[in-house]
Amino acid sequence: MINRRTFSKALGLGTGATAASLAGLQGLPTASAATQNGTTAPTALTVTPGTHTSFATLKQIKAGLLDIGYAELGPAHGPVVICLHGWPYDIHSFVDVAPLLAAEGYRVIVPYLRGHGTTRFLSSRTFRNAQQSAIALDIIALMDVLKIEKAVLAGFDWGSRTADIIAALRPERVKALVSVSGYLITNLEANKQPLPPKAEYAWWYQYYFATERGRLAMEDKTKRRDLTRLVWDTVSPTWGFDDATFERTAAAFENPDYADIVIHNYRWRLSLADGERRYDRFEKQLAARPVIAVPAITLDAEHDPFTAPGDGSSYRDRFTGKYDHRTLKGIGHNVPQEAPTAFAQAVIDVDHF
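Residues numbered from 1 in each chain as written. Predicted model: local features only at pLDDT ≥ 70, side-chain atom pairs only at ≥ 80, totals over all residues. Heavy atoms only, no water.

K.L.:
Looking at this structure, I do not really get the overall build of the protein. What am I missing?
P.N.:
Scanning the protein for helices and strands turns up 14 helices and 13 strands. For the protein, the proportion of its 353 residues judged to be buried stands at 56%. Looking at the protein alone, contacts between residues at least 24 apart form 76% of all its contacts between residues at least 6 apart. Of the roughly 14900 Å² that the protein leaves accessible, carbon and sulfur atoms contribute 54%. (Helix = DSSP H or I, 4+ residues; strand = E, 2+ residues; numbered from the N terminus. Buried < 20%, exposed > 50% of the residue type's maximum accessible area, 1.4 Å probe, protein only. Contact = heavy atoms within 4.5 Å. Areas by Shrake-Rupley, 256 points an atom, 1.4 Å probe, with all protein chains shown as cover.)

K.L.:
Can you help me understand the side chain of Arg-224 in this one?
P.N.:
Here Arg-224 is to be found in helix 9 (residues 221–235). We classify Arg-224 as buried; its relative accessible area is 8%. When near neighbours in sequence (up to four residues on either side) are disregarded, Arg-224 contacts Ala-217, Met-218, Glu-219, Phe-253, Glu-254 and Tyr-258.

K.L.:
Would you mind going over the nonpolar core with me for this structure?
P.N.:
Grouped burial of nonpolar side chains is what soluble globular proteins tend to show. Core analysis: the biggest nonpolar cluster contains 106 residues, and Ile-82, Trp-87, Leu-101, Leu-177, Phe-209, Met-218 and Phe-343 have the highest contact counts within it. Considering every element that reaches this core, the biggest residue donor is helix 4 (residues 132–145), with seven residues. Each residue touching Phe-209, except ones within four places of it in the same chain, is listed here: Trp-87, Gly-214, Met-218, Leu-227, Val-262, Ile-263, Tyr-266 and Arg-267. (Core = buried A, V, L, I, M, F, W, Y, C linked by side-chain atoms within 4.5 Å.)

K.L.:
Can you help me understand the environment of Val-262 in this one?
P.N.:
One can find Val-262 in helix 11 (residues 258–269). In this structure Val-262 comes out as buried when scored by relative accessible area, which is 0%. Once the C-alpha coordinates of Val-262 and Arg-114 are considered, the two residues, 148 residues apart in sequence, prove to be 9.7 Å apart. Residue contacts for Val-262: discarding those within four places in its chain leaves Trp-87, Trp-158, Phe-209 and Met-218.

K.L.:
I would appreciate a short explanation of the pattern of salt bridges in the present structure.
P.N.:
Pairing is possible between side chains of opposite charge, provided their charged atoms come close. Summed over the entire model, instances satisfying the criterion amount to 20 salt bridges. Notably, a salt bridge pairs Asp-138 with Arg-114, separated by 2.6 Å at the nearest N-O pair. You can see Asp-138 sitting in helix 4 and its partner Arg-114 sitting in the loop between strand 8 (107–111) and strand 9 (120–121), a full 24 residues away along the chain. A relative accessible area of 7% means that Asp-138 is categorised as buried. Glu-276 is the partner of Arg-278 in a salt bridge, and the nearest nitrogen-oxygen pair spans 3.6 Å. Where salt bridges share partners, they join Lys-59, Glu-72 and Arg-107 into one cluster. (Salt bridge = Lys/Arg side-chain N within 4 Å of Asp/Glu carboxyl O.)

K.L.:
Explanation requested: empty space enclosed by the protein in the structure shown.
P.N.:
Empty space among the atoms becomes visible once a probe the size of a water molecule is rolled across them. One pass over the structure, following the stated rule, counts three cavities of 30 Å³ or more. Lining the largest cavity we find Gln-132, Ile-135, Trp-158, Arg-161, Thr-162, Ile-165 and Asn-265. Only helix 4 and helix 5 (158–169) provide two or more residues apiece to the lining of the largest cavity. Among the elements that make up the lining of the largest cavity, the one with the highest residue count is helix 5 (four residues). Here the residues of the lining of the largest cavity are counted per class, giving three nonpolar, three polar and one charged. (1 Å grid on protein atoms, 1.4 Å probe; cavity = no way out; pocket = protein on both sides within 12 Å on 5 of 7 lines; lining within 4 Å. Points joined across faces, edges and corners; volume = space filled by probe spheres on them. Nonpolar A, V, L, I, M, F, W, Y, C, P; charged D, E, K, R; others polar.)

K.L.:
Which parts of the structure should I look at to understand the layout of surface pockets?
P.N.:
Quantified by volume, the largest pocket comes out at close to 1400 Å³. Leu-184, Asn-191, Leu-195, Trp-203 and Phe-306 are, among the 43 residues lining the largest pocket, the residues nearest its centre. Put simply, the parts of the chain that give the lining of the largest pocket at least two residues each are helix 5, helix 6 (197–202), helix 7 (204–208) and helix 9. Sorting elements by how many residues they give to the lining of the largest pocket places helix 6 first, with five residues. Across the lining of the largest pocket, the residue classes break down as 25 nonpolar, 11 polar and seven charged.

K.L.:
Which parts of the structure should I look at to understand helix 5?
P.N.:
Quick reminder: α-helices carry 3.6 residues per turn. Residues three or four places apart thus point the same way. Taking 1.5 Å of rise per residue, 12 residues should cover 16 Å, and helix 5 covers 17 Å from first to last C-alpha, within 8% of that figure. Of all 12 residues in helix 5, 11 are buried, a share of seventy percent or more. Buried within helix 5 we find Trp-158, Gly-159, Ser-160, Arg-161, Thr-162, Ala-163, Asp-164, Ile-165, Ile-166, Ala-167 and Ala-168. Elements in contact with the buried residues of helix 5: strand 7 (80–84), helix 4, strand 10 (151–155), strand 11 (174–180), helix 11 and helix 12 (280–287). (Expected span 1.5 Å × (residues − 1).)

Printed below as a string of structure tokens:
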């Protein structure tokens, strides 16, 4: 059972912060409906979205091509969960999720992806590449340097894609997976085909970034802020976030490589920008749409414009291990920040598959 002292220690909070943190959490863990192999998963504490606004400390570590900034909560020797954010977001998407998982004894790692926050390239000569396999290898490098053999991976948007790739290509490193929007591995050839008009409309910024106007907008601090705020408003229409919440995340967009990384990511997906030869073998494997055999829970949000129709049926065959699919009513694209309790519960449940 979790008491005030245990919870405070798990989060790395001082006594003054503990009461404020606990104020947004109701109830202690009880039995969950998620039971696999005779083991019942605990129920996550309930948190009101927006209860937490920051991580107590941030760490930096050199891994692969990067000096990666990340938040870490929970016991140092607990089972590891790595939470991966998307665009245009940052580690604050998990600011309420991480304490819930830490309270259950997990060691929670929340890294800034390349081009975001305090993550920096080690060399000015490194190409600012944001193709899918490069980002996935960043996370494997982080796991290596932190001596994490295996972890539960949980993400949305770019983070889902990254987690899917690692689960597909390096399943021995993944204990289980939580993936918002399901199977997001990009097949460049398939991506050349047009989508239904309504889906294309939702991706307006992807095509904007294919133009010089879009690149200039991302390099301009004011236009970048306005553009990313517009994306937040449109893809999470029911999320009543305030200005301060957005500004905390927008600070991560001041990274000197941010514009280059974002533009390359979306142009590469449309085959308008080249990747690097060093990643060719990985991209060839990913083009074959490899299955994911690790235990997985996929989440779809009711008001996310990128949620595929069919309640997960369009990607169900890509998950061949123990599996569950959940639809979150009334929630938009930024699932972990809009529905932190449901997201944390998915992590806990899949870990008990």
